[in-house]
Amino acid sequence: MAKLLLLHAPHVIPRFSSSSRSLVSAAALYRRPLLVNPQFSHIGPRLRSPYNRRFSARAFDDSPASSTEMEKEKQEQLLDGVSGKKDEDYPTGEMEYENRNAWEIFVVKLRMLFAYPWQRVRKGSVLTMTLRGQISDQLKSRFNSGLSLPQLSENFVKAAYDPRIAGVYLHIDPLSCGWGKVEELRRHILDFKKSGKFIVGYISICGLKEFYLGCACNELYAPPSAYSFLYGLTVQASFLGGVFEKVGIEPQVQRIGKYKSAGDQLSRKNISEENYEMLSVLLDNIYANWLDGVSDSTGKKREDVENFINQGVYEIEKLKEEGLIKDIRYDDEVIAMLKERLGVEKEKKLPTVDYKKYSGVKKWTLGLSGGRDQIAIIRAGGSISRVKGPLSTPGSAIIAEQLIEKIRSVRESKKFKAAIIRIDSPGGDALASDLMWREIKLLAETKPVIASMSDVAASGGYYMAMAANTIVAENLTLTGSIGVVTARFTLAKLYEKIGFNKETISRGKYAELLGAEERPFKPEEAELFEKSAQHAYQLFRDKAALSRSMPVDKMEEVAQGRVWTGRDAHSRGLVDALGGLSRAIAIAKQKANIPLNKKVILVELSRPSTSLPDILSGIGSSVIGVDRTLKGLLDELTITEGVQARMDGIMFQQLGRDSLATPFIDLLKDYLSSLR
């Protein structure tokens, strides 16, 4: 099965997507997606503004893929003639812990005294948080379960300054979020340590992401029965060409861009050289970043860490012997150790406050808010669509009409000095992406706009980001994917096998271009199909070049449907600075002429709704979602409305319990998950 892109005759509307459906995995007992998908559409006029920056390209490339002299020379030629700020010209946004004076301490204690009962925390408490599964980039209401990156990040900052918090006890379970969010969490762990308080990690399943976070803590513990899966990373690319051939389905795929291999999974039986090259570079980036991070945190040489991985260690005792974990202890033993450290009597419970309750503690209580200047934060996460669908739940998708309303409210308001568009999107509707691009560009005419990328902002997600004055990405954000894939299925052989017949009556030479799946293209239809894809690609590429102040021929070299990590995108001029949301805030302050040491009010415009209709809507969608989703998948095998600018799921996962399932079922499941 596959997602089709069908067009309204007589116009051919292509699909913008990333490379082939791939699985990047590190051996373990669970799966974990890293990559997601985005979108785009036509070229618009360039808007001039005092806030429009000279888009920068870098004079260096620190990615593992650019280690040879030939590659360095190629990058120098690529960036020649493109001027702008370098990464070091932007403020880092790095947290600098400041001790408080007597008056500030008195004010905080007074505020805590008058806090609501549910916001009170016992002195000497340990903040306990469990990281597991998916971590959303959206804010969560008290009615929503699951972890929220914004609230996790805020809890780390509050705990660092909260005199009632003695330290943090962090349980790290198997994670299925992307590496961008992992980088952000790791940064907050390192920043928290600057307060001088302890942060103790506990890990029972030791995969790459979990250990990457855990080794950043002051101490890391594991139970004797803990699993160790520090075996490395692998890439698996799935192909449905042989499956379709057997059942009588003929995909007719038109891709523009040699790296735009999203159609390969439908038409090919093996991986292309270009796709192999792209996935290998992405894998190298992730692996090198992991080795460097672990080396920095453990104080071991990079080659020693890599040698340890290559030993295939599965015994948790070996991690202790190598000094990669502090000790082997059960959870109750770690708690007993913390009680002893904090002077709590053995028969008494360790005073703790959990993630959910502590999320309710106001920053104002701790003296962390203030100032008059306001910066708007607009979160854009999930699949992109023009209007709200029947299965849409609050915060699960980017609804263009809703996001545009928020963008306009910021533009029309004089109270906001700058805006940050936080992007974590798998893409979707190209027209919606273009409409949002226009509104973001108009906003950038009136005040500084910073795009902050999370796990992924490629294709349509990158399209949105291009409208901002400055683009900030994590080292391992997946971005770029400037290319086009258009596809149609021919079902003639399948119809013959099952005895089904379909007759089409039409008017107009190209009326049956995408409406007659019972036959292959006629020569003139195939020609139009290809030309429309070429035209759409040129629009995308040229608009990207215009937005980045880059010559079209230079943009062509970094486009062609290739997915880049944030680090490589930065070295090629697609991204301005590397970092997380804190750096985006610092850059926004700089652009708005707000002193970097001055407090600002961050106004979240995408706060979750707590209204009864929205809550019931979410429950209802969960109940009826399976039935409607299956129906929707069947519908998509025959028609898709509009252009899809999407980076089809390159998924970074770990081989685990699902690996024992039927490979064919895994293959179909992997591809169907990209249709979400």
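Since this is a predicted model, take the numbers as computed values, not measurements. (Residues numbered from 1 in each chain as written. Predicted model: local features only at pLDDT ≥ 70, side-chain atom pairs only at ≥ 80, totals over all residues. Heavy atoms only, no water.)

Regarding the pattern of salt bridges
Oppositely charged side chains may form a pair once their charged atoms are brought near each other. The final tally for this structure, using the stated rule, is 34 salt bridges. Residue Glu94 is joined to Lys194 by a salt bridge in which the shortest nitrogen-to-oxygen separation is 3.0 Å. Of this pair, Glu94 sits in the loop between helix H1 (69-79) and helix H2 (102-113) while Lys194 sits in the loop between helix H4 (179-193) and strand E6 (198-203); the two residues are 100 residues apart in sequence, bridging distant segments of the chain. Residue classification places Lys194 among the partly exposed residues on the basis of a relative accessible area of 35%. The partner of Arg519 in a salt bridge is Glu525, and the shortest N-O contact between them spans 2.9 Å. The class for Arg519 is buried, based on a relative accessible area of 18%. One network of salt bridges, in which partners are shared, links Asp137, Glu184, Arg187, Arg379, Arg422, Glu474 and Glu604. (Salt bridge = Lys/Arg side-chain N within 4 Å of Asp/Glu carboxyl O. Helix = DSSP H or I, 4+ residues; strand = E, 2+ residues; numbered from the N terminus. Buried < 20%, exposed > 50% of the residue type's maximum accessible area, 1.4 Å probe, protein only.)

Quick look at the packing of helix H13 (residues 400-412) against helix H14 (residues 430-446)
Pairs of packed helices are described in terms of their axes, by the angle between the two and the distance that separates them. Closest axis-to-axis distance for the H13/H14 pair is 9 Å, and the angle between their directions is 5°. As the angle between them shows, H13 and H14 are arranged roughly parallel. The segment H13 lies against H14, with Ala400, Leu403, Ile404, Ile407, Arg408, Val410 and Arg411 engaging Ala432, Leu435, Met436, Glu439, Ile440, Leu442, Leu443 and Thr446. In terms of residue class, the contact of H13 with H14 is built from 11 nonpolar, one polar and three charged. (Axes fitted to C-alpha atoms, helices over the stretch in contact; angles between N-to-C directions. Parallel < 35°, antiparallel > 145°, perpendicular 65-115°, else oblique. Contact = heavy atoms within 4.5 Å. Nonpolar A, V, L, I, M, F, W, Y, C, P; charged D, E, K, R; others polar.)

Some thoughts on unusual backbone geometry
Residue Ser459 is not a glycine yet carries a positive backbone phi of 55°. For Ser459, the position within the fold is in the loop between strand E18 (456-458) and helix H15 (460-465).

A word on the nonpolar core
Grouped together as the largest cluster of nonpolar side chains are 62 residues, with contacts concentrated most on Val168, Leu170, Phe211, Leu230, Trp290, Leu319 and Tyr358. The residues touching Leu230, leaving out its near neighbours within four places in the chain, are Cys206, Gly207, Leu208, Phe211, Trp290, Phe308, Ile309 and Leu319. Grouped together as the second largest cluster of nonpolar side chains are 51 residues, Ala419, Tyr537, Ala545 and Leu605 included. (Core = buried A, V, L, I, M, F, W, Y, C linked by side-chain atoms within 4.5 Å.)

A short note on the packing of helix H8 (residues 273-298) against helix H9 (residues 302-309)
Following both chains from N to C, one finds H8 and H9 inclined at 115°, their axes separated by 9 Å at the closest point. By the angle between their axes, H8 is roughly perpendicular relative to H9. Crossing handedness for the pair H8 and H9: right-handed. For the pair formed by H8 and H9, the contact residues are Tyr287, Ala288, Trp290, Leu291, Asp292, Val294 and Ser295 on the first element and Arg302, Val305, Glu306 and Ile309 on the second. Classifying every residue of the contact of H8 with H9 gives seven nonpolar, one polar and three charged. (Left-handed = near helix turned anticlockwise from the far one by under 90°.)

Considering H2
Structurally, the α-helix is built with 3.6 residues per turn, so residues lying three or four positions apart point the same way. An ideal rise of 1.5 Å per residue puts 16 Å on 12 residues; H2 measures up with 17 Å between its terminal C-alpha atoms. Taking the backbone nitrogen of Trp103 as reference, a side-chain oxygen 3.2 Å away marks Asn101 as the first, capping residue of H2. (Expected span 1.5 Å × (residues − 1). Polar contact = N/O pair within 3.5 Å; in protein donor to acceptor, adjacent residues only side chain to side chain.)

Considering the confidence of the model for the protein
Looking at the protein as a whole, its pLDDT mean stands at 79, while 75% of the residues score no less than 70. A low-confidence stretch, residues 1-83 stays under pLDDT 50, and its non-local contacts, those more than four residues away or across chains, total 408 contacts. Scored below 50 in pLDDT, residues 614-643 makes 42 contacts in the model with residues more than four places away or belonging to other chains. (pLDDT = per-residue confidence, 0-100.)

A few points about a negative patch on the surface
Where like charges cluster on the molecular surface, the negative patch consists of Glu303, Asp304, Glu317, Glu321 and Glu322. Inspection of the secondary structure puts Glu321 in helix H10 (residues 316-321). Given a relative accessible area of 60%, Glu321 falls into the exposed group. (Patch = residues over 30% accessible without salt bridge, like charges linked within 9 Å, V, L, I, M, F, W, Y side chains within 5 Å. Areas by Shrake-Rupley, 256 points an atom, 1.4 Å probe, with all protein chains shown as cover. Lys, Arg positive; Asp, Glu negative; His and termini not counted. Charge placed at Lys NZ, Arg CZ, Asp CG, Glu CD.)

So, the sheet that holds strand E2 (residues 125-133)
Taken in spatial order, the six strands of this open sheet run E12-E8-E6-E5-E2-E13, and their pairing is parallel. Pairing within the sheet leaves two strands with one partner each, and these edge strands are strand E12 (327-328) and strand E13 (352-354). Pairing between E2 and E13: three bridges, direction parallel. Paired with Leu127 across the strands is Val353, a residue of E13. Along the sheet face, H4 touches E2, strand E5 (165-175) and E6 and points at about 140° away from the line of E6. The strands touched by helix H11 (residues 331-342) within the sheet are E2, E5, E6 and strand E8 (219-222), with E6 carrying the most contacts at an inclination of about 170°. (Pairing = 2+ DSSP bridges.)

A word on H9
For H9, every residue scored as buried is listed here: Val305, Phe308 and Ile309. Viewed end-on, H9 has its buried residues packed into an arc of 100°, placing them on one side of the element. (Arc of directions from axis to C-beta.)

What about the environment of Gly427?
Among the structural elements, Gly427 can be located in strand E16 (residues 416-429). Considered as a pair, Gly427 and Gly382 are 45 residues apart in the sequence and their alpha carbons are 7.2 Å apart.

Things to note about the sheet that holds E18
On the basis of which strands lie adjacent, the open sheet formed by three strands has the order E18-E20-E22 and mixed pairing. The open sheet is flanked by E18 and strand E22 (563-565), the only strands paired with a single partner. If you compare each strand with its neighbour and ignore which way they point, the axes differ by 35° on average. Across three bridges, the pairing between E18 and strand E20 (residues 478-480) is parallel. Note that in E20 the partner of Ala458 across the bridge is Gly480. Running over the sheet, H8 touches E20 and E22 and is turned about 15° from E22.

Examining the pairing of strand E17 (residues 449-453)
For E17, a buried count of five out of five residues is recorded, marking the element as mostly surrounded by other parts of the structure. Both faces of E17 are covered, namely the face carrying Val449, Ala451 and Met453 and the face carrying Ile450 and Ser452. Pairing between E16 and E17: five bridges, direction parallel. Each bridged residue has a counterpart across the sheet, and for Arg422 the counterpart in E17 is Ser452. Pairing analysis gives three bridges linking E17 to strand E19 (residues 470-473), with the strands arranged parallel. Note on E19: the bridge partner recorded for Ala451 is Ile471.

Quick look at the packing of aromatic side chains
For the structure shown, the criterion picks out 14 aromatic pairs. Ring pairs connect the aromatic residues Tyr227, Phe229 and Tyr231, which therefore count as one cluster. Over the ring of Tyr212 we find Arg186; its NZ or CZ atom is 4.4 Å from the centre of that ring. Cation over ring: Arg488 sits above Phe521, and NZ or CZ is 4.3 Å from the ring centre. (Phe/Tyr/Trp six-rings, centres within 6.5 Å; stacked < 30°, edge-to-face > 60°. Lys NZ or Arg CZ within 6 Å of the ring centre and 35° of its normal.)

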